[in-house]
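Take a look at the letters that make up each chain.
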Amino acid sequence: VMRALVATGAEPSLAAAHARAAHLVGDGDAIAVLEAAGRAALSLGGLESAVVDLRAAADMAGTKASPQLLITLADAEVAAGNTKSAEMVCRRLLLASREPFVQSQALTVLARAAFAAGRPDEMEGHFQAAVEAAGDIPVQKVAVLSEALATCSALLDPRRVLSWAVQARQLLDQHTGLDRT
């Protein structure tokens, strides 16, 4: 039924409901449908629906869940106020992938979760680790530093985050093609 709904261009949420009901573990089409429905719900502000679909996609994918699916799920969990669930997803991802970009993204989501849970020192540590994990990816470093500056300066003494502003400025000066917004 799910495949027929997808083929006819039905709403992603309808196809996702059938994919969830069928519990097609490991089925790439079902996982893609659930992920697409979760992302669509997220874009419309449907946090609960997004979390349900993204969790189902991650569960069906098991150990083969893509890093982007897990990052999206963790972000949705944070936005929905489920910081513990987001932290578990990020820790799973940190163990599963050694790619600098993925590590940096997961640590950034951990920082968001710490922020949402009111743990500013932990948030600061995760942001710092995310910058370090980005390695030689200047665009990722600048993205993390920008988010860290915006978030941490609201909660922490600005002098504690000043070094991040200097670091971001240096990266932007060294890599003239990076976006300065």
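You'll find the structure just up there.
Note that the structure is a prediction, hence the values are computed from the model and not measured. (Residues numbered from 1 in each chain as written. Predicted model: local features only at pLDDT ≥ 70, side-chain atom pairs only at ≥ 80, totals over all residues. Heavy atoms only, no water.)

## Structural notes on the side chain of Ser-104
Part 1 of the argument: Among the structural elements, Ser-104 can be located in helix α7 (residues 100-116).
Part 2 of the argument: In this structure, Ser-104 is in contact with Ala-130, Ala-133, Ala-134, Gln-140 and Val-144, ignoring residues within four places of it in sequence. (Helix = DSSP H or I, 4+ residues; strand = E, 2+ residues; numbered from the N terminus. Contact = heavy atoms within 4.5 Å.)

## A word on the packing of α7 against helix α8 (residues 120-133)
Any two packed helices are characterised by the angle at which their axes cross and by the distance between the axes.
Part 1 of the argument: Relative to each other, α7 and α8 sit at 170 degrees, their axes nearing to 8 Å. Classified by the angle their axes make, α7 and α8 are roughly antiparallel. Between α7, through Pro-100, Gln-103, Ser-104, Leu-107, Thr-108, Leu-110, Ala-111, Ala-114 and Phe-115, and α8, the contact on the second element is made entirely by Glu-122, Met-123, His-126, Phe-127, Ala-129, Ala-130 and Ala-133.
Part 2 of the argument: The class makeup of the residues in the contact of α7 with α8 is eleven nonpolar, four polar and one charged. (Axes fitted to C-alpha atoms, helices over the stretch in contact; angles between N-to-C directions. Parallel < 35°, antiparallel > 145°, perpendicular 65-115°, else oblique. Nonpolar A, V, L, I, M, F, W, Y, C, P; charged D, E, K, R; others polar.)

## Some words on helix α3 (residues 28-43)
Part 1 of the argument: In this model α3 runs 22 Å from its N-terminal to its C-terminal C-alpha over 16 residues, within 8% of the 22 Å that 1.5 Å per residue would give.
Part 2 of the argument: Listing the buried residues of α3 in full gives Ala-30, Ile-31, Val-33, Leu-34, Glu-35, Ala-37, Gly-38 and Ala-41.
Part 3 of the argument: The N-cap residue of α3 is Asp-27: its side-chain oxygen and the backbone nitrogen of Asp-29 are 2.9 Å apart. (Expected span 1.5 Å × (residues − 1). Buried < 20%, exposed > 50% of the residue type's maximum accessible area, 1.4 Å probe, protein only. Polar contact = N/O pair within 3.5 Å; in protein donor to acceptor, adjacent residues only side chain to side chain.)

## Some remarks on the side chain of Gln-105
Part 1 of the argument: Mapped onto the elements of the fold, Gln-105 is located in helix α7.
Part 2 of the argument: Its relative accessible area of 15% is what places Gln-105 among the buried residues.
Part 3 of the argument: Not counting chain neighbours up to four residues away, the residues in contact with Gln-105 comprise Gln-68, Ile-71 and Gln-140.

## Let's talk about the packing of α3 against helix α5 (residues 67-79)
Part 1 of the argument: Between α3 and α5, the shortest axis-to-axis distance is 11 Å and the interhelical angle comes to 35 degrees. Once α3 is placed against α5, the crossing between them reads as left-handed. Contacts between α3 and α5 involve Ile-31, Glu-35, Arg-39 and Leu-42 from the former and Gln-68, Leu-69, Thr-72 and Ala-76 from the latter.
Part 2 of the argument: Residues that form the contact of α3 with α5 fall into these classes: four nonpolar, two polar and two charged. (Left-handed = near helix turned anticlockwise from the far one by under 90°.)

## Quick look at the pattern of salt bridges
Part 1 of the argument: By the definition in use, this model includes nine salt bridges.
Part 2 of the argument: Two residues, Arg-112 and Glu-147, come together in a salt bridge whose shortest N-O distance is 2.6 Å. With Arg-112 in helix α7 and Glu-147 in helix α9 (residues 138-155), this pair connects stretches of sequence that are 35 residues apart.
Part 3 of the argument: Looking at Arg-112, the relative accessible area reads 25%, which means it is partly exposed.
Part 4 of the argument: Between Glu-122 and Arg-119 there is a salt bridge, with the nearest N and O atoms lying 2.9 Å from each other.
Part 5 of the argument: Through salt bridges that share partners, Lys-84, Glu-87, Arg-119 and Glu-122 make up one connected network. (Salt bridge = Lys/Arg side-chain N within 4 Å of Asp/Glu carboxyl O.)

## Quick notes on the environment of Asp-136
Part 1 of the argument: Relative to the helices and strands, Asp-136 resides in the loop between α8 and α9.
Part 2 of the argument: Overall, the relative accessible area of 80% leaves Asp-136 in the exposed class.
Part 3 of the argument: As for Asp-136 and Val-109, which are separated by 27 residues in sequence, their C-alpha atoms are 20 Å apart.

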